[in-house]
Amino acid sequence: MSEQNEWSPAEQSAHLRSLLTEVIKLARTDIGTVSDPKAQALFETTAQVCGGLCHAFDHYATREPAWR
């Protein structure tokens, strides 16, 4: 975090990616705690969508051509 208590875009994106990673872990853990197949599918879908967002944050952080 910068001196003025404001986050740079890189810091903000890293923080959001970290939160998404936590959501992925929680969603995948929760799959094993429910017996409802629809809930399991919802949790897995959540993990996959968040995984896609993590890839987008990775591409942003590494300045992939799409983000130039």
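Above this note sits the structure.
Basis of the calculations
- Residues numbered from 1 in each chain as written.
- Predicted model: local features only at pLDDT ≥ 70, side-chain atom pairs only at ≥ 80, totals over all residues.
- Heavy atoms only, no water.
- Salt bridge = Lys/Arg side-chain N within 4 Å of Asp/Glu carboxyl O.
- Helix = DSSP H or I, 4+ residues; strand = E, 2+ residues; numbered from the N terminus.
- Buried < 20%, exposed > 50% of the residue type's maximum accessible area, 1.4 Å probe, protein only.
- Disulfide = S-S within 2.5 Å.
- Expected span 1.5 Å × (residues − 1).
- Contact = heavy atoms within 4.5 Å.
- Polar contact = N/O pair within 3.5 Å; in protein donor to acceptor, adjacent residues only side chain to side chain.

**Student:** What exactly am I supposed to notice about the pattern of salt bridges here?
**Tutor:** Charged atoms that come close allow side chains of opposite charge to pair. Counting across every chain of the model gives two salt bridges. Among the salt bridges present, the one from Arg17 reaches Asp58, with a minimum N-O distance of 2.5 Å. Residue Arg17 is found in helix α1 (residues 9-31), and its partner Asp58 is found in helix α2 (residues 37-61); the two are separated by 41 residues along the sequence. For Arg17, a relative accessible area of 29% gives the class partly exposed. Taking the shortest distance from any N to any O, the salt bridge between Arg28 and Glu44 comes out at 3.0 Å. Of this pair, Arg28 sits in helix α1 while Glu44 sits in helix α2; the two residues are 16 residues apart in sequence, bridging distant segments of the chain. The class of Arg28 is partly exposed, set by a relative accessible area of 42%.

**Student:** What should I look at first to understand unusual backbone geometry in this one?
**Tutor:** When glycine is set aside, most residues are seen to have a negative phi, and most peptide bonds are trans. Even without being a glycine, Arg63 presents a positive backbone phi close to 55 degrees. Within the secondary structure layout, Arg63 lies in the segment after α2. For Arg63, a relative accessible area of 46% puts it in the partly exposed group.

**Student:** Would you take a moment to explain the state of the cysteines for this structure?
**Tutor:** A disulfide bridge is the covalent bond that connects two cysteines by way of their sulfur atoms. Scanning all chains against the criterion turns up zero disulfides. Just so you know, Cys50 is unpaired, no disulfide at all, and the nearest cysteine sulfur is the one on Cys54, 6.9 Å from it. Owing to a relative accessible area of 10%, Cys50 belongs among the buried residues under this scheme.

**Student:** Can you walk me through α2 in this structure?
**Tutor:** Helical geometry note: an α-helix holds 3.6 residues per turn, so side chains three or four residues apart project in the same direction. If you check α2, its first and last C-alpha atoms are 36 Å apart, about what 25 residues at 1.5 Å a residue would give, namely 36 Å. Those residues of α2 not exposed but buried are Ala39, Ala47, Cys50, Gly51 and Cys54. The inward-facing, buried residues of α2 abut α1. Among the residues of α2, the N-terminal cap falls to Asp36, whose side-chain oxygen and the backbone nitrogen of Lys38 are separated by 3.1 Å. Looking one or two residues past α2, Arg63 carries a phi angle of roughly 55 degrees, positive in sign.

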